[in-house]
Amino acid sequence: MQLSFRHYYWRWSKNLLLLAVLFAILMTLARVSFALYFGDMATLKLHSFELKKVFWLGFRYDLMPLAYINAIPFILMNIFYFLPGKFAIRAVRFSAISILFAGYVALICYRDWE
């Protein structure tokens, strides 16, 4: 059975979105655990409104590198959507996996340097 690139397109788009959501959740959990581990509970309860604003701002800042990392594979998938055959499938698979791997490794390394 020959599958066209359009069949793969929706599956890869879903996977890109799933990875972005997963990393956003993991980064938010890391921020919450850091605040709970190193923060004083009385101070955190006293400033709960500011803490919610800080978490929202941090979540927005975490989405920026995720958007940059996922932008290149998404653009390549949209370009290759119009190319026929196995070339498009192999080219997008290789480029998306390599760019996502490099981007997420850089993101993990950057989080460790802070």
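Residues numbered from 1 in each chain as written. Predicted model: local features only at pLDDT ≥ 70, side-chain atom pairs only at ≥ 80, totals over all residues. Heavy atoms only, no water.

Asker: Go over the pattern of salt bridges with me, naming the residues and quoting the values.
Answerer: Under the definition given, this model contains 1 salt bridge. With a shortest N-O distance of 2.5 Å, Arg 31 and Asp 62 are connected by a salt bridge. Placement of the pair is Arg 31 in helix H1 (residues 5-38) and Asp 62 in helix H3 (residues 48-80), with a sequence separation of 31 residues. (Salt bridge = Lys/Arg side-chain N within 4 Å of Asp/Glu carboxyl O. Helix = DSSP H or I, 4+ residues; strand = E, 2+ residues; numbered from the N terminus.)

Asker: Describe the packing of aromatic side chains, and please don't skip the residues or the numbers.
Answerer: Per the stated rule, a full pass over the model turns up 3 aromatic pairs. A centroid spacing of 4.8 Å and a plane angle of 50° characterise the contact between Phe 34 and Phe 38, whose relative ring orientation is tilted. One end of the pair is Phe 34 and the other is Phe 38, both in helix H1 and 4 residues apart, which spans about a single turn. Taken as a pair, Phe 34 and Phe 38 share a single burial class, namely exposed. Ring pairing ties together the aromatic residues Phe 34, Tyr 37 and Phe 38, which thus form one cluster. (Phe/Tyr/Trp six-rings, centres within 6.5 Å; stacked < 30°, edge-to-face > 60°. Buried < 20%, exposed > 50% of the residue type's maximum accessible area, 1.4 Å probe, protein only.)

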